[in-house]
Amino acid sequence: MGVTKEQVESSLTSKLSPSHLEVIDTSGGCGASFAVEIVSTKFEGKRLLERHRLVNAALENEMKEIHALSIKKAQTPDQWKQQQESDNSKPAA
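Quantities reported herein were computed from a predicted structural model and do not represent experimental measurements. (Residues numbered from 1 in each chain as written. Predicted model: local features only at pLDDT ≥ 70, side-chain atom pairs only at ≥ 80, totals over all residues. Heavy atoms only, no water.)

Visitor: Please explain the overall build of the protein chain as it appears in this structure.
Guide: The number of helices and strands found in the protein chain is three helices and three strands. When the helices and strands of the protein chain are placed in sequence order, the string is α-β-β-α-β-α. The principal-axis extents of the C-alpha atoms in the protein chain amount to approximately 45 × 35 × 20 Å. Counting every position in the protein chain, which comprises 93 residues, the buried fraction comes to 31%. Partitioning the contacts of the protein chain with sequence separation of at least 6, the portion at a separation of at least 24 is 58%. For the protein chain, the exposed area adds up to about 5,900 Å²; of that, 48% sits on carbon and sulfur atoms. (Helix = DSSP H or I, 4+ residues; strand = E, 2+ residues; numbered from the N terminus. Buried < 20%, exposed > 50% of the residue type's maximum accessible area, 1.4 Å probe, protein only. Contact = heavy atoms within 4.5 Å. Areas by Shrake-Rupley, 256 points an atom, 1.4 Å probe, with all protein chains shown as cover.)

If you want it as structure tokens, here you go:
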């Protein structure tokens, strides 16, 4: 059996204390592929590659069974807030 969405969420929550976390099982339920969107103060002052490394390190045990991990967003709370404000200010098409 593969990794569950809940396992990924639990590991990321305990190690990175995110203020926003979205984990999507993109494998169709077998737990081999996930997409992640995460916002954490632990990303402050870190470049994108360093942030991705933090996410991968937080999922060290799970990565032994995960075939693909797509980190869609790894942002600081300020970056997340700015993006949300920008998205909300765009007129509906």
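Visitor: What am I meant to see in the environment of Ile66 here?
Guide: Tracing the chain through its elements places Ile66 in the loop between helix 2 (48-58) and strand 3 (68-75). Sequence-distant contacts of Ile66, defined by excluding residues within four places in its chain, comprise Val3, Val8, Gly31, Ala32 and Phe34.

Visitor: What am I meant to see in the sheet that holds strand 2 (residues 33-39) here?
Guide: Sheets are built from strands paired through backbone hydrogen bonds, the pairs being either parallel or antiparallel. The strand order across the open sheet formed by three strands is 1-2-3, and the pairing between neighbours is mixed. Across the chains shown, the open sheet's two edge strands, defined by having one partner strand only, are strand 1 (20-25) and strand 3. In this sheet, neighbouring strand axes are inclined to one another by 10 degrees on average, regardless of whether the strands run parallel or antiparallel. Both strand 2 and strand 3 contribute to a ladder of seven bridges, which runs parallel. Bridged to Val39 within strand 3 is Gln75. The strands touched by helix 3 (residues 77-89) are strand 1, strand 2 and strand 3; relative to strand 3, the strand with the most contacts, the crossing angle is about 85 degrees. (Pairing = 2+ DSSP bridges. Axes fitted to C-alpha atoms, helices over the stretch in contact; angles between N-to-C directions.)

Visitor: What exactly am I supposed to notice about helix 2 here?
Guide: Three- or four-residue spacings in an α-helix give side chains the same orientation, since the helix completes a turn every 3.6 residues. Within the span of helix 2, buried status applies to Arg51, Val55 and Ala58. Down the axis of helix 2, the buried side of the element spans an arc of 65 degrees, and every buried residue falls inside it. The outward face of helix 2, more than 90 degrees from its buried face, is lined by the exposed residues Leu49 and Arg53. Close packing links the buried residues of helix 2 with helix 1 (5-16), strand 2, strand 3 and helix 3. (Arc of directions from axis to C-beta.)

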